[in-house]
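# Reading the structure
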Amino acid sequence: MNVADSERAATGLRSSGYDLCDSVDEADVVLLNTCSVREKAERKVYTRIGEVRAARPGKRDVLVGVMGCVAQLEGASIFNNAPAVDMVIGTRATDRISSLIERAQNGERKVLDLGERGNTDAWDVSPAERHSPHVAFIPIIEGCNKFCSFCIVPYSRGRERSRPASEIVTEVRNLQALGYKEIHLIGQNVNSYRPRVEDGLEGFKGATAFCRLLRAVAATGMPRIKFTTSFPRDFHPDIITAIEENPNLCDWIHLPVQSGSDRILKLMRRGHTRNDYRQRIERIKNSRRRLALTSDIIVGFPGETDADFRETIDLVQQCEYDSLYIFKYSKRSGTPAANFADNVPEQEKKERFLELEATQRKTQDRIYQSYIGRTLQVLVERQSTRSENDLSGHSTCNKVVNFAGDRGLEGEIVDVTVTAAKTNSLYGAVANSVRVNRSVVE
Ligand code: 5AD
Ligand code: SF4
């Protein structure tokens, strides 16, 4: 979501006449986009402000702005903590950045905007500002109404707001015309998608508005469609039916569970039990397409006992995730859980983290090994950072796949037969040279 926000901010700035540059030395304005989901991410911004100032010693002409979640949550107190900051730009002020800069340039000090979005806010992102010429992020819903007890997002991003489906479908069509091969529908909870208007969903059936949107987006013919993140409580089995009906809806589901213990899930206010979650997983695992499954887990939530943690280990073994993002609980002030005693010692959090990681590694090694000999469709995104002779991309099941190939294949979807499995990536060789040669000639 932060990458999408940066793309959007860049689009707005460029259309207001600004040039974007990569180096602090050349810049007249430096904007730092920030994350506050865990304390470590939040602390980073202060380090970075110091670095920006150090890179421009004695120069007061460079304006420094903080945007994103830290800006929204800390507001004016950022000016006190970091006097070098001139502008604090909240999460719904992306469309107003250029006018905020203008105010700062005209001499206004400590420019602050924590306001809501305007009715006419633009979501367009210019292709030049997208992070990739082949893969595009499309926000479909912003904000969150779930208020999980540990999470700062409902406070930093505000309430859920869904974009009209007609706008999303138009964006997908435009991207397709530009040659994009893959889109990710993104949001804190994509399956809570609930637009105020029907536009763009007419004629598409589904158990929920999100299921209808998936079918509407699939009907555009965009070659690959992925979506993240899904929220377990609202995860309707019709999502899987839509995936089974449409080959361009990719075979990957990210469904964060956070804990395997019902007692902890209740304290987390997740609105689902372990069993509810298992039922969702069963539908995913029983699909006639093999669907990759990934998740997020927090270890060391306040009051998490060893017995609770054993339940998490057990659930992770049962779910057989393709990969897992593990986080040590981080207290976020303003959330309900911040009033619970953060009583799992740091050393214990670390040990649980490592044990869960080792447990996941065993399953993951087995899953990754099972891909050897199989052929995957890989969207070639770039040259590999490891070797000049290799290309790198993602499979439809969202695995990183590297293989030997010429850079002329960038942007193509290539069949790759897997020859080796690493911890977090697969290695392979082009399977169908006839098809590949033809693509190159085209
Ligand atoms: N501490 C640790 N991890 C957190 N996450 C969200 N809030 C916290 C927190 N306070 C994790 C959750 C979420 C992911 C994006 O970040 O696992 O799914
Ligand atoms: Fe945070 Fe829960 Fe909302 Fe996810 S669903 S963004 S964890 S409050």
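Residues numbered from 1 in each chain as written. Chains lettered and ligands numbered in written order. Predicted model: local features only at pLDDT ≥ 70, side-chain atom pairs only at ≥ 80, totals over all residues. Heavy atoms only, no water.

### Digging into the sheet that holds strand β16 (residues 413–421)
What the five strands build is a closed barrel, ordered β13-β14-β15-β17-β16; its pairing is mixed. With strand direction ignored, the average angle separating the axes of adjacent strands in the sheet is 50°. Here strand β14 (residues 390–395) runs beside strand β15 (residues 400–404); their pairing, made up of five bridges, is antiparallel. Its bridge partner being in β15, D390 is matched across the sheet by A404. (Pairing = 2+ DSSP bridges. Helix = DSSP H or I, 4+ residues; strand = E, 2+ residues; numbered from the N terminus. Axes fitted to C-alpha atoms, helices over the stretch in contact; angles between N-to-C directions.)

### Remarks on the site of ligand 2
Around ligand 2 sit C144, K146, F147, C148, F150, C151, V153, P154, Q188, N189, F231 and R270, and those are all the residues in its vicinity. Grouping the constituent residues of the shell around ligand 2 by class yields eight nonpolar, two polar and two charged. (Near = heavy atom within 4 Å. Nonpolar A, V, L, I, M, F, W, Y, C, P; charged D, E, K, R; others polar.)

### Topic: the nonpolar core
One finds I183 and L185 to be the most contacted residues of the largest nonpolar core, which totals 51 residues. For this core, the leading source of residues is helix α8 (residues 209–218), giving eight residues. When sequence neighbours within four positions are dropped, the list of residues in contact with I183 reads A136, I138, V172, L175, V217, M222, R224, I225 and K226. Judged by nonpolar contacts, the second largest core, of 18 residues, contains V45, I49, F79 and V85. (Core = buried A, V, L, I, M, F, W, Y, C linked by side-chain atoms within 4.5 Å. Buried < 20%, exposed > 50% of the residue type's maximum accessible area, 1.4 Å probe, protein only. Contact = heavy atoms within 4.5 Å.)

### Quick look at the environment of L32
Relative to the assigned elements, L32 resides in strand β1 (residues 29–34). A C-alpha to C-alpha distance of 37 Å links L32 and R215, two positions 183 residues apart in sequence. Excluding anything up to four places from it in sequence, L32 contacts V45, R48, I49, G65, V66 and M67.

### Brief notes about the packing of aromatic side chains
The full count for this structure, using the stated rule, is five aromatic pairs. Centre to centre, the rings of F150 and F301 are 6.5 Å apart; their planes meet at 85°, and the pair counts as edge-to-face. Of this pair, F150 sits in the loop between β6 (141–142) and α6 (153–157) while F301 sits in the loop between β11 (292–299) and α12 (306–319), placing them 151 residues apart in sequence. Exposure remark for F150: the relative accessible area of 10% places this residue in the buried category. (Phe/Tyr/Trp six-rings, centres within 6.5 Å; stacked < 30°, edge-to-face > 60°.)

### A look at the pairing of β11
The buried count for β11 comes to eight of eight residues, which makes it a mostly enclosed element. Of the two faces of β11, the one carrying A292, T294, D296 and I298 and the one carrying L293, S295, I297 and V299 are both buried. Alignment of strand β10 (residues 252–254) against β11, held across three bridges, turns out to be parallel. For I253, the partnering residue across the bridge sits in β11 and is L293. As paired elements, β11 and strand β12 (residues 323–328) share six bridges and run parallel to each other. In the sheet register, S295 faces β12, and the bridge partner there is L324.

### Some points on the site of ligand 1
Around ligand 1, the neighbouring residues are V37, R38, F150, Q258, D296, I298, F327, K328, Y329, S330 and R332. Contacts to ligand 1 include R38, whose side-chain N or O atom sits 2.9 Å from an oxygen atom. The protein chains hide 86% of the 410 Å² of surface that ligand 1 would expose on its own. For the shell around ligand 1, the secondary structure elements donating two or more residues are β11 and β12. (Polar contact = N/O pair within 3.5 Å; in protein donor to acceptor, adjacent residues only side chain to side chain. Areas by Shrake-Rupley, 256 points an atom, 1.4 Å probe, with all protein chains shown as cover.)

### What about the side chain of T396?
Secondary-structure assignment places T396 in the loop between β14 and β15. Among the polar contacts made by the side chain of T396, one reaches the side chain of D251 at a distance of 2.8 Å. In this view, T396 contacts R224, K226, C250, D251, W252 and Q377; residues no more than four positions away in its chain are not counted.

### Looking at the sheet that holds β10
Read from one edge to the other, the open sheet built from three strands follows the order β10-β11-β12, with strand pairing classed as parallel. Only two strands of the sheet have a single partner each, and these edge strands are β10 and β12. Strand after strand, the sheet turns through a mean of 15° between neighbouring axes, direction not considered.

### Looking at α8
The buried count for α8 comes to 10 of 10 residues, which makes it a mostly enclosed element. Looking only at α8, the buried set comprises A209, F210, C211, R212, L213, L214, R215, A216, V217 and A218. Looking at the buried residues of α8, the elements they touch are α7 (165–177), β8 (182–186), β9 (224–228) and α9 (238–245).

### Digging into the packing of α12 against helix α13 (residues 346–370)
Remark: α12 packs on α13, axes separated minimally by 10 Å, with the N-to-C direction vectors making an angle of 20°. In terms of orientation, α12 lies roughly parallel with respect to α13. Here the hand of the crossing between α12 and α13 comes out right-handed. In this structure, α12 contributes D306, F309, R310, T312, I313, V316 and Q317 to the contact, and α13 contributes R352, E355, L356, T359 and Q360. Per-class residue counts for the contact of α12 with α13 are four nonpolar, four polar and four charged. (Parallel < 35°, antiparallel > 145°, perpendicular 65-115°, else oblique. Left-handed = near helix turned anticlockwise from the far one by under 90°.)

### A closer look at empty space enclosed by the protein
The full count for this structure, using the stated rule, is one cavity of 30 Å³ or more. Here the largest cavity is characterised by a volume of approximately 40 Å³. Here the residues of the lining of the largest cavity are counted per class, giving one nonpolar, five polar and one charged. (1 Å grid on protein atoms, 1.4 Å probe; cavity = no way out; pocket = protein on both sides within 12 Å on 5 of 7 lines; lining within 4 Å. Points joined across faces, edges and corners; volume = space filled by probe spheres on them.)

### Quick look at the packing of α7 against α8
Here α7 crosses α8 at 30°, and the two axes come no closer than 10 Å. The pairing of α7 with α8 is recorded here as roughly parallel in orientation. Crossing handedness for the pair α7 and α8: right-handed. The residues of α8 that touch α7, namely those facing A165, I168, V169 and V172, are L213, A216 and V217.

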